[in-house]
Amino acid sequence: MGIAIEFNPDLALRNISEFNNGNRKIEECIPDPLKEDEVYSFLKKDHRNYWLFGELPLLETEGEGKLSRPKASIIILEATHFLDNNKPFTRGKYKVVEVFNDEKIHFESYARI
């Protein structure tokens, strides 16, 4: 038996409509509007590790690996693992460095360009 841990080079959250429709918690979704220099909370199912030493992309996910292009550049400020009903979760805070409103390429993999 091993320990299941996922290493994420990005933060992938759901569209805010998932919260508005009652399907997800607000922390599982990308805020609207997303503002630069603001700090937001996030919540992800499972035990996840994030890089804490620089910028990484904020993506929108539909689930099952369906990811958007980066919506913003963020810095993860903290990430904590916890159990809820004996299921692992990761919660934390991130700060928005820059919001992307164009089709330019802003990241190559997890590296900001």
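Student: Lay out unusual backbone geometry in plain terms, naming residues and giving numbers.
Tutor: Backbone torsion omega between D32 and P33 reads 5°, so that peptide bond is classified as cis. Within the secondary structure, P33 sits in the loop between α1 (17-20) and β3 (39-45). Unlike most non-glycine residues, D46 shows phi in positive territory, near 85°. Structurally, D46 can be placed in the loop between β3 and β4 (48-50). D46 gets classed as partly exposed once you look at its relative accessible area, which sits at 30%. Its identity as a non-glycine residue notwithstanding, N85 has a phi of 55°, on the positive side. Along the chain, N85 turns up in the loop between β7 (72-84) and β8 (87-99). Taking relative accessible area as the criterion, N85 reaches 71% and is therefore assigned exposed.

Student: Any chance you could break down the confidence of the model for the chain for me, citing the residues and the numbers?
Tutor: Predicted confidence across the chain gives a mean pLDDT of 93, with 97% of residues reaching 70 or more. Across the chain, element-level confidence peaks in β3 with a mean pLDDT of 98 and bottoms out in strand β10 (residues 111-112) with 76.

Student: Can you explain the pairing of strand β5 (residues 56-63)? Please cite residues and give values.
Tutor: With six of eight residues buried, β5 is to be regarded as a mostly interior element. As judged from the three bridges shared by strand β2 (residues 11-13) and β5, these two strands associate in the parallel manner. Paired with L13 across the bridge in β5 is E60. Here three bridges tie β5 to β7, and the two strands are oriented antiparallel to one another. Its bridge partner lying in β7, P57 is registered against S73. The pairing of β5 with strand β6 (residues 66-67) spans two bridges and is classified as antiparallel. The partner of G63 across the bridge, within β6, is K66.

Student: I'd like to hear about the packing of aromatic side chains, residue by residue, with values.
Tutor: If you walk through the whole model with that rule in mind, you get five aromatic pairs. Ring centres of Y40 and Y94 lie 5.7 Å apart, and the angle between their planes is 35°; this geometry places the pair in the tilted category. A residue pair is termed long-range when its members are at least 10 positions apart, and Y40 in strand β3 and Y94 in strand β8 qualify at 54 residues. In this pair, the class of Y40 matches that of Y94, namely buried. One cation-aromatic arrangement involves R91 over F82; the distance from NZ or CZ to the ring centre is 4.0 Å.

Rules and cut-offs
- Residues numbered from 1 in each chain as written.
- Predicted model: local features only at pLDDT ≥ 70, side-chain atom pairs only at ≥ 80, totals over all residues.
- Heavy atoms only, no water.
- Helix = DSSP H or I, 4+ residues; strand = E, 2+ residues; numbered from the N terminus.
- Buried < 20%, exposed > 50% of the residue type's maximum accessible area, 1.4 Å probe, protein only.
- pLDDT = per-residue confidence, 0-100.
- Pairing = 2+ DSSP bridges.
- Phe/Tyr/Trp six-rings, centres within 6.5 Å; stacked < 30°, edge-to-face > 60°.
- Lys NZ or Arg CZ within 6 Å of the ring centre and 35° of its normal.

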